[in-house]
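Structural overview
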Amino acid sequence: MALYQTLRWLGDAATGNLLLIDQTLLPGRYEEISCQTQEQLWEAIRSLRVRGAPAIGVAAAYGVVTGTQQFRDASPQKFRDAVRDVCQYLATSRPTAVNLFWALNRMQTSCDAMPSTHPATFLHDQLLEQARCIDQEDKDMCLAIGRHGNELLRSGMSLLTHCNAGGLATAGDGTALAPIFAAAAAGKAIHVFADETRPLLQGARLTAWELQQRAIPVTLICDNMAGQVMREGRVDLVITGADRIAANGDAANKIGTYSVAVLARHHNIPFCIAAPSSTFDLSLDSGAGIPIEQRPASEITDGFGRTTAPSGVDVYNPAFDVTPAELITALITEHGVIHHPTRELIRQHLAQASPGMA
Ligand code: MRU
């Protein structure tokens, strides 16, 4: 059970609103913000107040409810038009995490599937139910990933993770951190090295904080220390989350993940990715088609209120990179573990779990 709730809907469809932990303030301040308009939610996603692929998807689903509140008394057609507009608008907030588009598509499809004679109030109430359903499924997926991933962990292991794929990145217990939480709950002694994760420090600010909250031993390292720590024989397994996994298993995750995967291969350390089925994008043949978000230069030159680079310097700031499938030892989903993932194994895994998906 999470000690903090990344996001929660308060109230009914007509007047309720979405509360989010403002993750830009952690670990110094724990504060919730209220998103009462689609613009507020768009800004919260863009500026990483709410972040992590599954959490972005769940937040966007509730955002469709918020964004259409003013159309509750409109005609059914006007309401449906508003749903389409809000979905299109929220889809522009960030490009890489496919869970955003997956959740918006679910909201749109559920609206489209309702009989055209139903009044807007009914449609709107049903959309809140759909958002709650996506929220609950996400919590369940995290628990299932935790159970499956736990089977790969032995007491005494030391893991390395990159960015934050914990409870803060989902509606539930996280993806990459869920197996660690499950292992700890089962009495296994697990130690974690958390990469600080330049430039926005999700590892230092969020992962280290979450692990401390759960009393799991964590050692913070700068990203450029991972190789040395592996060379010293101090890492038994690497586990990260993902923002989008292509049909062949190539996986986009926070910038720096690819470097960690290369290092892990060099040191013969298993490299695992934990992600729900909503993170797979089977429409993409390989990782080459995954859109990589480009973020402002100021995140590198003026991070956290201090100027650390000369004015006017040229900066490149891709927020994600793609780890090729051949570097991934295992993909952990809510349905089980895909060892040495290939296009065919992924297809079979997803088809068995949810016929019609693959
Ligand atoms: O830019 P962020 O903080 O949204 O990036 C998050 C990550 O890269 C996570 O590892 C990924 O979304 C998986 S979260 C379960």
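Values in this document were obtained by computation on a predicted structure and should not be read as measured data.

1. A short note on the overall build of the chain
What the chain contains, in helices and strands, is 11 helices and 14 strands. Relative to a compact globule of 358 residues, whose C-alpha radius of gyration would be 21 Å, the chain shows 20 Å and is just as compact. Counting only C-alpha atoms and orienting by the principal axes, one finds that the chain spans roughly 65 × 50 × 40 Å. Per-residue burial for the chain yields a buried fraction of 55% across its 358 residues. The long-range share in the chain, meaning contacts at least 24 apart out of those at least 6 apart in sequence, stands at 75%. Only carbon and sulfur atoms are counted for the fraction: they give 52% of the accessible area of the chain, which is about 14700 Å². Averaging the locations of the 28 positively and 36 negatively charged side chains of the chain gives two centres separated by 2 Å.

2. Digging into the pattern of salt bridges
Pairing is possible between side chains that carry opposite charge, provided their charged atoms lie close to one another. Scanning the entire structure with this criterion turns up 17 salt bridges. With a shortest N-O distance of 2.9 Å, glutamate 43 and arginine 49 are connected by a salt bridge. For glutamate 137, the salt bridge is made with arginine 106, and the minimal N-O distance between the two is 2.9 Å. Residue glutamate 137 is located in helix H5 (residues 120-150), and its partner arginine 106 is located in helix H4 (residues 98-112); the two are separated by 31 residues in the primary sequence.

3. Some details on the sheet that holds strand S3 (residues 32-35)
Taking strand neighbours across the sheet as the criterion, the 3 strands line up as S1-S2-S3 in an open arrangement whose pairing is antiparallel. Each having just a single partner strand, strand S1 (7-10) and S3 make up the two edges of the open sheet. On average, each strand axis in the sheet is tilted by 25° relative to the strand beside it, whichever way the strands run. Looking at chain direction, S1 and strand S2 (residues 17-21) are connected through 4 bridges and run antiparallel. Each bridged residue has a counterpart across the sheet, and for leucine 10 the counterpart in S2 is asparagine 17. Here helix H2 (residues 53-67) sits on the sheet and contacts S1, S2 and S3; the angle it forms with S1, its principal contact strand, is near 20°.

4. Considering the packing of H2 against H4
At their nearest, the axes of H2 and H4 sit 7 Å apart, and the two run at 30° to each other. Between H2 and H4, the angle is such that the two are roughly parallel. Along this stretch, H2 crosses H4, giving a crossing that reads as right-handed. Facing H2, whose interface residues are Ala53, Pro54, Ile56, Gly57, Ala60, Ala61, Val64 and Val65, H4 presents Asn99, Leu100, Ala103, Leu104 and Met107. In terms of residue class, the contact of H2 with H4 is made up of 11 nonpolar, 2 polar and no charged.

5. Let's talk about the domain arrangement of the chain
Domain annotation of the chain identifies domain 1 (7-143) and domain 2 (149-353). Put simply, the middle of domain 1 and the middle of domain 2, counted by C-alpha atoms, are 26 Å apart. Residue-level contacts link 30 residues of domain 1 with 34 residues of domain 2. The junction of domain 1 with domain 2 conceals about 2500 Å² of combined surface from both sides, 59% of it contributed by carbon and sulfur atoms. For the interface between domain 1 and domain 2, the tally reads 1 salt bridge. For glutamate 293, the salt bridge goes to arginine 94, with nearest N and O atoms at 2.8 Å. Along the contact surface separating domain 1 from domain 2 lie 15 residue pairs in polar contact (both at pLDDT 80 or more). The dominant element in the side of domain 1 that touches domain 2, judged by the number of residues it contributes, is H5, at 6 residues.

6. Here we look at the pairing of strand S4 (residues 158-161)
Looking along a regular strand, one sees the side chains alternate between the two faces of the sheet. What you see with S4 is no split at all: Ser158 and Leu160 on one side and Leu159 and Thr161 on the other are buried throughout. Pairing between S4 and strand S5 (residues 191-195): 4 bridges, direction parallel. Residue pairing across strands places serine 158 opposite histidine 191, the latter belonging to S5. Handedness of the crossover joining S4 and S5 through helix H6 (residues 178-185): right-handed. Here S4 runs beside strand S7 (residues 237-240); their pairing, made up of 2 bridges, is parallel. Within S7, the position partnered with leucine 160 by the bridge is valine 238.

The rules behind these values
Residues numbered from 1 in each chain as written. Predicted model: local features only at pLDDT ≥ 70, side-chain atom pairs only at ≥ 80, totals over all residues. Heavy atoms only, no water. Helix = DSSP H or I, 4+ residues; strand = E, 2+ residues; numbered from the N terminus. Rg over C-alpha atoms; globule rule 2.2 N^0.38 Å. Buried < 20%, exposed > 50% of the residue type's maximum accessible area, 1.4 Å probe, protein only. Contact = heavy atoms within 4.5 Å. Areas by Shrake-Rupley, 256 points an atom, 1.4 Å probe, with all protein chains shown as cover. Lys, Arg positive; Asp, Glu negative; His and termini not counted. Charge placed at Lys NZ, Arg CZ, Asp CG, Glu CD. Salt bridge = Lys/Arg side-chain N within 4 Å of Asp/Glu carboxyl O. Pairing = 2+ DSSP bridges. Axes fitted to C-alpha atoms, helices over the stretch in contact; angles between N-to-C directions. Parallel < 35°, antiparallel > 145°, perpendicular 65-115°, else oblique. Left-handed = near helix turned anticlockwise from the far one by under 90°. Nonpolar A, V, L, I, M, F, W, Y, C, P; charged D, E, K, R; others polar. Domains from an automatic or database assignment. Buried area = accessible area lost by both parts, 1.4 Å probe. Polar contact = N/O pair within 3.5 Å; in protein donor to acceptor, adjacent residues only side chain to side chain. Right-handed = clockwise from strand over helix to strand, strands pointing away.

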